[in-house]
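# Understanding the architecture of this molecule
One letter stands for each residue in the lines below.
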Amino acid sequence: MVKRRERTRHLIELGGLVQKAGLVELTRDDRAALYGAFLTLAMMLRGEDRDHTLALWRRGGKRAFEAEARSAFEDR
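Residues numbered from 1 in each chain as written. Predicted model: local features only at pLDDT ≥ 70, side-chain atom pairs only at ≥ 80, totals over all residues. Heavy atoms only, no water.

Within the protein, the regular secondary structure consists of 4 helices and 0 strands. Its helices and strands taken in sequence order, the protein reads α-α-α-α from the N to the C terminus. For the protein, the C-alpha radius of gyration of 15 Å lies well beyond 11 Å, the compact-globule estimate for 76 residues. When the accessible area of the protein is evaluated, it comes to approximately 7,000 Å², of which 58% is carbon and sulfur surface. (Helix = DSSP H or I, 4+ residues; strand = E, 2+ residues; numbered from the N terminus. Rg over C-alpha atoms; globule rule 2.2 N^0.38 Å. Areas by Shrake-Rupley, 256 points an atom, 1.4 Å probe, with all protein chains shown as cover.)

With 15 residues, helix α3 (residues 31-45) should reach 21 Å at 1.5 Å per residue; the first-to-last C-alpha distance of 21 Å fits that figure. The backbone nitrogen of Ala32 lies 3.1 Å from a side-chain oxygen of the residue at the head of α3, namely Asp30. (Expected span 1.5 Å × (residues − 1). Polar contact = N/O pair within 3.5 Å; in protein donor to acceptor, adjacent residues only side chain to side chain.)

Before going further, it helps to spend a moment on the pattern of salt bridges. Pairing is possible between side chains that carry opposite charge, provided their charged atoms lie close to one another. Here the structure, examined in full by the defined rule, presents 4 salt bridges. Its salt-bridge partner being Glu13, residue Arg9 comes within 3.2 Å of it at the nearest N-O pair. Remark: Glu13 and Arg9 occur in helix α1 (residues 2-20); sequence separation between them is 4 residues, near one turn of the helix. (Salt bridge = Lys/Arg side-chain N within 4 Å of Asp/Glu carboxyl O.)

A separate point is unusual backbone geometry. Even without glycine at this site, Arg28 takes up a positive phi of about 55°. Phi is positive for Asp29, which is not a glycine, with a value near 60°. Tracing the sequence through the fold places Asp29 in the loop between α2 (23-26) and α3. You can call Asp29 partly exposed: its relative accessible area is 38%. (Buried < 20%, exposed > 50% of the residue type's maximum accessible area, 1.4 Å probe, protein only.)

Structurally, Glu25 can be placed in helix α2. Sequence separation between Glu25 and Gly61 is 36 residues, and the spatial gap between their C-alpha atoms is 19 Å.

It is worth spelling out the environment of Val2 at this point. You can see Val2 is positioned in helix α1. For Val2, a relative accessible area of 52% puts it in the exposed group. For the pair Val2 and Ala42, spaced 40 residues apart in sequence, the C-alpha separation works out to 29 Å.

Further remarks concern a nonpolar patch on the surface. Judged by side-chain polarity, Leu23, Leu26, Tyr35, Phe38, Leu39, Leu41, Met44, Leu56 and Trp57 come together as a nonpolar surface patch covering roughly 850 Å² of accessible area. Elements supplying a minimum of two residues to the nonpolar patch: α2, α3 and α4 (50-74). Among the elements that make up the nonpolar patch, the one with the highest residue count is α3 (5 residues). Counting through the fold element by element, Phe38 comes out in helix α3. Overall, the relative accessible area of 35% leaves Phe38 in the partly exposed class. (Patch = residues over 30% accessible without salt bridge, like charges linked within 9 Å, V, L, I, M, F, W, Y side chains within 5 Å.)

Any functional reading would require information that these geometric values do not contain.
Structure follows, in structure tokens:
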């Protein structure tokens, strides 16, 4: 039961990232388009530049999280 709750929470958090990135609105909630995009990302990670690609994505994500945190702090 605990594992199931943990998995559910994990999936909800991942869905939140899709929403946060604006992908739901940008695709007009087109599930096929989103799935296709995710398949493209997975294909990119199977390539030779996997580590470089992950590093770029990680850097961009960290910057976005930091900017969001700064914005939330400034809004107080």
